[in-house]
Amino acid sequence: MEPAQQPPAPFMIAIDTETTGVGKDKEPVEIGAATVEADSVTFHSMVKPSRGFHKSARSGIEPGTVATAPDCVTAIENLREWAAGVTPLGRSAVFVAHNASFDCGAIGSGIARCGEGTTPTSLWWYTSSIRCSLQRAKVLKRFGGSSLDDIYLQLFKEPTAGR
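Model, not experiment: these values are computed from the prediction.

Participant: Any details on the overall build of the protein chain? Residues and values, ideally.
Facilitator: In terms of helices and strands, the protein chain carries five helices and five strands. Put simply, the protein chain has 163 residues, and 34% of those count as buried. Once local pairs closer than 6 in sequence are excluded, the contacts in the protein chain between residues at least 24 apart make up 58%. Split by element, the accessible area of the protein chain, about 10,000 Å² in all, is 54% carbon and sulfur.

Participant: Please give an account of helix α2 (residues 100-113) that cites residues and values.
Facilitator: Compared with an ideal rise of 1.5 Å per residue, which puts 14 residues at 20 Å, α2 spans 20 Å between its outermost C-alpha atoms and is within 8% of the ideal. All of the buried residues along α2 are Ala 100, Asp 103, Cys 104, Ala 106, Ile 107, Gly 108, Ser 109, Gly 110 and Ile 111.

Participant: Provide a residue-level description of the pattern of salt bridges, including the pertinent values.
Facilitator: Counted under the stated rule, the structure contains four salt bridges. Here Lys 55 makes a salt bridge to Glu 62, at a shortest N to O gap of 3.7 Å. With a relative accessible area of 39%, Glu 62 lands in the partly exposed category.

Participant: Give a detailed account of the sheet that holds strand β3 (residues 42-46), specifying residues and quantitative values.
Facilitator: Strand order in the open sheet formed by five strands is β3-β2-β1-β4-β5, with mixed pairing between adjacent strands. The open sheet is flanked by β3 and β5 (129-132), the only strands paired with a single partner. If you compare each strand with its neighbour and ignore which way they point, the axes differ by 25° on average. Judged from the five bridges that link them, strand β2 (residues 28-35) and β3 form a sheet pairing that is antiparallel. In the strand pairing of β3, Glu 30 is matched with Met 46.

Participant: Run through the packing of helix α1 (residues 72-86) against α2, naming residues and quoting values.
Facilitator: In helix packing, the relevant descriptors are the interaxial angle and the interaxial distance, both defined with respect to the helix axes. Interaxial distance between α1 and α2 falls to 8 Å at its minimum, and their mutual angle equals 125°. Judged on the interaxial angle alone, α2 and α1 are oblique. Between α1 and α2, the residues in contact are Cys 72, Val 73 and Ile 76 and Ile 107, Gly 110 and Ile 111, respectively. Among the residues making up the contact of α1 with α2, the classes are represented as five nonpolar, one polar and no charged.

Participant: Could you give an account of the side chain of Glu 27, naming the residues involved and the relevant values?
Facilitator: The residue Glu 27 is located in the loop between β1 (11-19) and β2 in this model. Engagement of the side chain of Glu 27 in a polar contact is seen with the side chain of Ser 50, the distance being 2.8 Å. Aside from chain neighbours lying at most four places away, what touches Glu 27 is Glu 18, Thr 19, Thr 20, Pro 49, Ser 50, Arg 51, Ala 106, Ser 109, Gly 110 and Arg 113.

Participant: Tell me about the side chain of Asp 103, and name the residues and values.
Facilitator: Looking at the element boundaries, Asp 103 is found in helix α2. For Asp 103, the side chain forms a polar contact with the side chain of Thr 17, separated by 2.5 Å. Apart from residues no more than four positions distant in its own chain, Asp 103 is found in contact with Ile 15, Asp 16, Thr 17, Ala 97 and His 98.

Participant: Give a detailed account of the environment of Glu 27, specifying residues and quantitative values.
Facilitator: Given the relative accessible area of 2%, Glu 27 is considered buried. Separated by 21 residues in sequence, Glu 27 and Lys 48 place their C-alpha atoms 8.9 Å apart.

How each quantity is defined
- Every residue gets a number counted from 1 within its own chain, in the order that chain's sequence is written.
- Thresholds applied to this predicted model are a pLDDT of at least 70 for local features of residues and 80 or more for the giving and counting of side-chain atom pairs; totals over whole chains, interfaces and linings are not thresholded and use all residues.
- Side-chain measures here rest on the full set of heavy atoms in the structure, leaving out hydrogens and waters.
- Per the convention used, a helix needs a DSSP run of H or I reaching at least four residues, while a strand needs a run of E reaching at least two, with both numbered from the N terminus.
- Only protein chains enter the calculation, and the probe is 1.4 Å; a residue is then buried if its accessible area is under 20% of its type maximum, exposed if over 50%, and partly exposed in between.
- Contact criterion: two residues are considered in contact whenever any of their non-hydrogen atoms come within 4.5 Å of each other.
- Per-residue and other accessible areas were derived by the Shrake-Rupley procedure at a 1.4 Å probe size, with only the shown protein chains allowed to occlude residues.
- Multiply 1.5 Å by the residue count of a helix minus one, and that product is the helix's expected span.
- Here a salt bridge means any side-chain nitrogen of Lys or Arg lying within 4 Å of a carboxyl oxygen belonging to Asp or Glu.
- Only when DSSP finds a minimum of two bridges between them are two strands counted as paired.
- The convention used is that axes are lines fitted to C-alpha atoms, helices contributing only their stretch in contact, and that angles between N-to-C directions extend from 0 to 180 degrees.
- Under this scheme an angle from 65 to 115 degrees is roughly perpendicular, one under 35 degrees roughly parallel, and one over 145 degrees roughly antiparallel; angles in between are oblique.
- Polarity classes work like this: nonpolar for Ala, Val, Leu, Ile, Met, Phe, Trp, Tyr, Cys and Pro, charged for Asp, Glu, Lys and Arg, and polar for all others, with Gly in that last group.
- For this analysis, a polar contact is any N or O atom pair within 3.5 Å, provided that within protein one partner can donate a hydrogen and the other can accept it, and provided that sequence-adjacent residues contribute only side-chain to side-chain pairs.

In short, geometric facts, not functional conclusions.
As structure tokens, this is what we get:
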């Protein structure tokens, strides 16, 4: 009898958003993603939220910057097509975000506010496999803090570049 083959490792894609704020009404104004493997391939989209917002103190994104950007559903459809194109055959994509509930909440709010109900794009997003590096760091309790800067410092023993 032949030993059972292990399923292929998931294909990791890091994802991050910039948002209109931090409350429950937040929506994405920018979505970025990158493959984690050696030949990193990136995705970037500005996103026009469904309602006005003030300049973000954290990101510096202003309303005029996203005035002609796609809405959230279109940006997520573009992300879906990009992810399908970069994920190798036979492997499944897994999105990884630091504080995934925040990023996923923003994207979910954006999709809902675009007036979209059940569409192939919203179904794809809500059924995608998503992992949270913040939750994993808390479980491991290996790091002094749980911010990305804290984790990077512990792993690489040097401060993050540009901060």
